[in-house]
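# Examination of the molecular architecture
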Amino acid sequence: MMEKHANLQNGKTMTCAEFQDKLPELFESGNDLSGEKHLQTCETCAALVRDLEYIAQQAKLLLPLHDPSPAVWENIQSAIQHDGNEPGSKTNDTPIK
Amino acid sequence: MSTGQTHPKPVHQHMRRNPPIAGEAEAIARAQAGDPRSFEMLYSLHKRRVYSLCLRMLGNVAEAEDLTQEAFLQLYRKIGTFRGDSAFSTWLHRLSVNVVLMHLRKKGLPQVSLEETLEPSQDDGPRKDIGARDLTLSGSIDRVTLERAVENLPPGYRLVFILHDVEGYEHNEIADMLACSIGNSKSQLHKARMKLRELLRTGERKESAV
């Protein structure tokens with residue numbers, strides 16, 4: 001359940017809901033969120049921010065994965081030879097933006 | 001909130017991961033001119049990234065390899081249309097994303113309509129299930145656990161999370177790839193992280209209950 005926590009920020013009361021509405025933009029701003037006044041008094045939102053930062057940080061663990069098996073390139077070569085064209089020669093395809 | 005001051009780079013802003021690759025521009029030009037060896041070089045340079053995207057989105061090696069093959073065959077046919085308006089890796093990724101999405105739609109899976117999954121939903125917003133204080137992540141999430149949680153994200157969320165947080169694309173690039181707004185990409189990323197948090201916390205709770 002949503003914690004009914006509110007505090008004062010810039011002279012106005014900021015609720016958890018208001019803070020969380022701002023969160024996507026706050027993350028994308030690149031600023032250090034630890035200075036956010038709401039976080040200094042709201043442990044629920046502080047924990048949320050810590051977790052979301054942690055998840056974004058841990059996402060780096062997911063690179064790199066493995067290479068595809070050599071069969072993939074063999075199949076590509078085979079299909080290309082079957083096509084009998086040079087790269088880019090099928091110009092009637094829809095261009096990528 | 002901006003104070004005009006510079007701040008240290010926070011942890012959630014990571015380094016860009018698609019820097020220029022030495023020799024790539026020449027290989028592209030030669031491949032466009034019909035040189036098969038250069039096309040092979042482009043395959044070698046980008047196969048891992050394309051395959052990783054396919055594997056994460058499909059969760060199945062055989063399907064991921066099929067789609068990797070399809071993506072590079074499309075690249076072979078369309079490389080002549082690459083004009084360098086964006087980085088080649090971004091262009092190729094956009095092509096690969098389209099291949100993956102087409103495949104998912106053909107399979108008829110729910111939640112793979114990009115228009116639908118990228119549409120902001122009030123029902124799935126950040127205030128849902130914020131949780132109690134004792135349910136925050138322990139700070140010991142390993143790669144396998146995170147992989148599993150990512151697999152359980154809805155495809156639309158998963159795609160934006162992979163493109164941004166794993167592969168390091170910017171929101172403007174993702175918006176371009178997925179034909180959505182930058183705001184939509186940001187919103188989807190936030191929801192993806194929120195959903196991951198929920199999934200990871202649920203996993204921790206299950207583990208501690210055993």
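None of these values were measured; they are calculated from a predicted model. (Residues numbered from 1 in each chain as written. Chains lettered and ligands numbered in written order. Predicted model: local features only at pLDDT ≥ 70, side-chain atom pairs only at ≥ 80, totals over all residues.)

Residue and element names in this part refer to chain B. Those residues of helix H1 (residues 24–32) not exposed but buried are Ala27, Ile28 and Ala31. Down the axis of H1, the buried set is contained in an arc of 100 degrees. They therefore lie on one face. Turned more than 90 degrees away from the buried face of H1 sit Ala25 and Glu26, all of them exposed. For H1, the elements touching its buried residues are helix H2 (36–58) and helix H4 (88–107). Phi for Gly34, located one or two positions after H1, is positive at around 105 degrees. (Buried ≥ 20, exposed ≤ 12 C-beta atoms within 10 Å, placed from the backbone. Helix = DSSP H or I, 4+ residues; strand = E, 2+ residues; numbered from the N terminus. Arc of directions from axis to C-beta. Contact = placed C-beta atoms within 7 Å.)

It is worth spelling out the domain arrangement of chain B at this point. Residues and elements named next belong to chain B. Split by domain assignment, chain B resolves into domain 1 (24–108) and domain 2 (114–126 + 135–209). For the side of domain 1 that touches domain 2, the secondary-structure elements that each account for two or more residues are H2 and H4. No other element matches H4, which puts six residues into the side of domain 1 that touches domain 2. For the side of domain 1 that touches domain 2, the residue count by class is five nonpolar, three polar and two charged. (Domains from an automatic or database assignment. Nonpolar A, V, L, I, M, F, W, Y, C, P; charged D, E, K, R; others polar.)

When the terminal C-alpha atoms of H4 of chain B are compared, their 29 Å separation across 20 residues agrees well with the 28 Å that a helix rising 1.5 Å per residue should span. Once H4 of chain B ends, the next one or two residues include Gly108 of chain B, with phi positive near 70 degrees. (Expected span 1.5 Å × (residues − 1).)

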